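Observations on the three-dimensional arrangement
If you want the building blocks of each chain, they are given just below.
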Amino acid sequence: MTKIAILGGSGYTALELLDILLRHPAAEIVAVTSRQEDTPALADLHPRLAGRVDLRCQPLHADRLIARGVVCVFSCLPHGASMAAVPALLQRGVRVIDLSADYRLRDPNVYAQWYRESHHDLAHLAQAVYGLPEIYGEEIPTAQLVANPGCYPQPAILGLAPLVAGKHIELRSIIVDSKSGVSGAGRTPKLATHFPECNESVSAYNVGQHRHTPEIEQALSDVAGEPVEVIFAPHLIPMNRGIFTTIYATPHRSFSEGQLLELYRTYYARAPFVRVGTHLPATKDCAGTNFLDLTVRVVRGRVVILACEDNLIRGASGVAVQNFNRMYGHDERTALL
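Residues numbered from 1 in each chain as written. Predicted model: local features only at pLDDT ≥ 70, side-chain atom pairs only at ≥ 80, totals over all residues. Heavy atoms only, no water.

A closer look at the overall build of the chain
This is how it is decided: Secondary structure counts use DSSP, requiring at least four H or I residues in a row for a helix and at least two E residues in a row for a strand, with both numbered from the N terminus. When we talk radius of gyration, it's over C-alpha atoms, and the globule rule is simply 2.2 Å times the number of residues to the 0.38. Three exposure classes are used, based on accessible area relative to the maximum for each residue type with a 1.4 Å probe and protein chains only: buried under 20%, partly exposed in between, and exposed over 50%. Residues count as neighbours in contact if any of their non-hydrogen atoms are within 4.5 Å of one another. What sets the accessible areas is the Shrake-Rupley method with a 1.4 Å probe; for residues, cover comes only from the shown protein chains.
Counting its secondary structure elements, the chain contains 13 helices and 14 strands. Radius of gyration (C-alpha) of the chain: 20 Å, near the 20 Å computed for a compact globule of 337 residues. Projecting the C-alpha coordinates of the chain onto the three principal axes gives extents of approximately 60 × 45 × 40 Å. When the 337 residues of the chain are sorted by exposure, 57% land in the buried category. Long-range contacts, defined as pairs at least 24 residues apart, comprise 71% of the intrachain contacts of the chain with a sequence gap of at least 6. When the accessible area of the chain is evaluated, it comes to approximately 14,400 Å², of which 50% is carbon and sulfur surface.

Written as structure tokens, this is what we have:
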């Protein structure tokens, strides 16, 4: 059994992570931390855990976690807070899967530009592995620090990877249009996600300025071997969970839909959680699972990729466990639906 701690136990991603790890045959959750002043019981924070886990949140002290035998930590802390907490654990030999944005962008100057603050852990930033198993899977098993990918980037990156890998499309005229459920904004109350503000309304936000833009471009540039640029337009949809992404790309030559589907199926032949289909995907069909569903269409000479996922599972906690499975030599699908 691998003894695990979860940092930041009050949010949606922590709840999904607890749900998954409680059914993992080789994981034992021995500690959950919180930045709250009191020490709430997990069942009080998340009533659906009542009768399933008997733990109280505790303040984060690295040495106390080590004393409890913790060897792997999932950090569900927000950006900024994670890079303040993670170094002490890494220095003590603990392996970390970080669900914040703090270790995703390799260039600290890019991080400072998009997150409006300096990066304070450059040593560990340099060793972090981006935790998208379908692209960086060979690096994950030996990593001490895995930077879990963001929710929006995954449909964009996986939706485009087969095309940019083969240089089949123009790399600087890609449009990524994404729509996310309200849980993507987190559990902390905000005016924009207050029910009367977002219900019965669809709205765009941070067009061209969303922090996931450089993350998408970094991974796609790795796949292509040269710079890739995207126009990223995120939208808020009045539903609890799910992301639906539509991508528009200009091919260098004519493709049939059958050729594109074969290209995608070949590329993801060993990716158990990427489902390439002929039907148009829908968020309800992958809700509650770690699957990312996608298909491709050819429209007036353009390639249109349609992809969707559950933003809390595939977009965060599910892929974190997928990374954990790779790190500890388990079947990638263990405990995941």
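The discussion continues.
Concerning the sheet that holds strand β2 (residues 27–33)
Basically, it comes down to this: Here a strand pair is declared whenever DSSP counts at least two bridges between the two strands. For helices, the axis comes from a line fit to the C-alpha atoms of the stretch in contact; other axes are also lines fit to C-alpha atoms, and the angle between any two N-to-C directions lies between 0 and 180 degrees.
Strand order in the open sheet formed by 7 strands is β3-β2-β1-β4-β5-β7-β6, and the pairing between neighbours is parallel. A strand with exactly one partner marks an edge of an open sheet, and here the two such strands are β3 (57–58) and β6 (129–130). Against the sheet, helix α13 (residues 313–327) touches β1 (2–7), β2, β4 (72–75), β5 (95–98) and β7 (145–147), its axis set at about 155° to β5.

A few points about the packing of helix α8 (residues 153–165) against helix α11 (residues 257–267)
Let me state the cut-off plainly: Working rule for angles: under 35 degrees goes down as roughly parallel, over 145 as roughly antiparallel, 65 to 115 as roughly perpendicular, anything else as oblique. Three classes are used, and their members are as follows: Ala, Val, Leu, Ile, Met, Phe, Trp, Tyr, Cys and Pro are nonpolar, Asp, Glu, Lys and Arg are charged, and the others, Gly among them, are polar.
Where α8 meets α11, the closest approach of the two axes is 10 Å, and the angle between their N-to-C directions is 100°. Judged by the angle between their axes, α8 and α11 are roughly perpendicular. On the side of α8, the interface is formed by Leu-158, Gly-159, Leu-160, Ala-161, Pro-162, Leu-163 and Ala-165, while α11 contributes Leu-260, Leu-263, Tyr-264 and Tyr-267. Residue composition of the contact of α8 with α11, grouped by class: 10 nonpolar, 1 polar and no charged.

A short note on the packing of aromatic side chains
A ring pair, where both rings are aromatic, is described by two values, the distance of the centres and the angle of the planes. This is how it is decided: Put simply, two rings from Phe, Tyr or Trp (the six-membered ring, in Trp's case) pair if the centres are within 6.5 Å, and we call them stacked under 30 degrees between planes, edge-to-face over 60, tilted for the rest. Remark: a charge is flagged as sitting over a ring if the NZ atom of Lys or the CZ atom of Arg is within 6 Å of the ring centre and within 35 degrees of the ring normal.
In the structure shown here, the tally under the stated rule is 7 aromatic pairs. Considering the side-chain rings of Phe-324 and Tyr-328, the 4.9 Å spacing of their centres and the 40° angle between planes classify their relative orientation as tilted. For Arg-95, the ring lying beneath its charged end belongs to Tyr-328, and the centroid distance is 5.0 Å. The residue whose ring lies beneath Arg-275 is Phe-291, and the NZ or CZ to ring-centre distance is 4.0 Å.

Focus on the pairing of strand β11 (residues 243–249)
Of all 7 residues in β11, 5 are buried, a share of seventy percent or more. Both strand β8 (residues 174–180) and β11 contribute to a ladder of 6 bridges, which runs antiparallel. From the neighbouring strand, Val-176 faces β11, where its bridge partner is Ile-247. Note: β11 against strand β14 (residues 302–309), 7 bridges, orientation antiparallel. Bridge pairing in β14 places Tyr-248 opposite Val-304.

Some words on the pairing of β5
Which entries qualify depends on this criterion: By convention a crossover is right-handed if, when the strands point away from the viewer, the path from the first strand over the helix to the second runs clockwise.
In β5, alternate side chains face the same way, and those of Arg-95 and Ile-97 on one face and Val-96 and Asp-98 on the other are all buried. Direction of pairing for β4 relative to β5: parallel, over a ladder of 4 bridges. Directly across from Phe-74, in β5, lies its bridge partner Ile-97. For the crossover that starts at β4, traverses helix α4 (residues 81–91) and ends in the parallel β5, the hand is right-handed.

Let's talk about helix α5 (residues 108–115)
Worth spelling out the cut-off: By arc we mean the arc of the directions from the helix axis to the C-beta atoms, nothing more. Under this definition, polar contacts are N or O atom pairs within 3.5 Å; protein pairs additionally need one hydrogen-donor-capable and one acceptor-capable atom, and for neighbouring residues in sequence, both atoms have to be side-chain atoms.
Burial in α5 covers these residues: Tyr-111, Trp-114 and Tyr-115. The arc that holds every buried residue of α5, seen down its axis, measures 85°, which confines them to one face. Relative to its buried face, α5 has exposed residues pointing more than 90 degrees away, namely Asn-109 and Gln-113. In this structure, the buried side of α5 is in contact with α4 and α10 (213–224). The backbone nitrogen of Asn-109 has a side-chain oxygen 2.8 Å away, supplied by the residue at the start of α5, namely Asp-107. Backbone geometry just downstream of α5 places Arg-116 in the positive-phi region, at approximately 60°.

Describing the nonpolar core
Rule in force here: Residue types Ala, Val, Leu, Ile, Met, Phe, Trp, Tyr and Cys, when buried and joined through side-chain atoms within 4.5 Å, form a set referred to as a nonpolar core.
If you look at the biggest cluster of nonpolar residues, it comprises 41 residues, and the most contacted ones within it are Leu-160 and Tyr-268. It is α8 that contributes the most residues to this core, 7 residues altogether. Filtering out sequence-adjacent residues up to four positions away, Tyr-268 remains in contact with Glu-134, Ile-157, Leu-158, Gly-159, Ala-161, Pro-162, Val-274, Val-276 and Leu-294. Formed by 36 residues, the second largest nonpolar core is a distinct cluster that contains Val-32, Phe-74, Ala-143 and Phe-291.

Let's talk about the layout of surface pockets
To find the voids left in a structure, one rolls a probe of water-molecule size over its atoms. Test applied: Grid points spaced at 1 Å and placed over the protein atoms alone form the basis of the search, with a cavity being a set where a 1.4 Å probe fits but cannot get out and a pocket an open set showing protein on both sides within 12 Å along at least five of seven lines. Lining residues have an atom within 4 Å of a point. Grid points are joined across faces, edges and corners, and a volume is the space filled by probe spheres set on the points.
When its volume is computed, the largest pocket comes out at roughly 1,400 Å³. Around the largest pocket sit 43 residues that line it, and Pro-78, Gly-184, Ala-185, Gly-186 and Lys-190 are the ones nearest its centre. Only α1 (12–21) and α13 provide two or more residues apiece to the lining of the largest pocket. Looking at side-chain class alone, the lining of the largest pocket contains 16 nonpolar, 22 polar and 5 charged residues.

What about α10?
Definition in use: Residue count minus one, scaled by 1.5 Å, sets the expected span of a helix.
For α10, with 12 residues, the first-to-last C-alpha span of 16 Å sits near the 16 Å given by 1.5 Å per residue. Most of α10 sits out of view: 11 of its 12 residues are buried. When α10 is considered as a whole, its buried residues turn out to be Thr-213, Pro-214, Glu-215, Ile-216, Glu-217, Gln-218, Ala-219, Leu-220, Ser-221, Val-223 and Ala-224.

Focus on unusual backbone geometry
Here Lys-167, not a glycine, exhibits a phi torsion of approximately 50°, which is positive. Residue placement: Lys-167 occurs in the loop between α8 and β8. With a relative accessible area of 37%, Lys-167 lands in the partly exposed category.

As for the sheet that holds strand β10 (residues 230–236)
Pairing is mixed across the open sheet formed by 7 strands, whose spatial order is β9-β10-β8-β11-β14-β13-β12. If you trace the sheet from one side to the other, it starts and ends with β9 (203–204) and β12 (274–276), each paired once.

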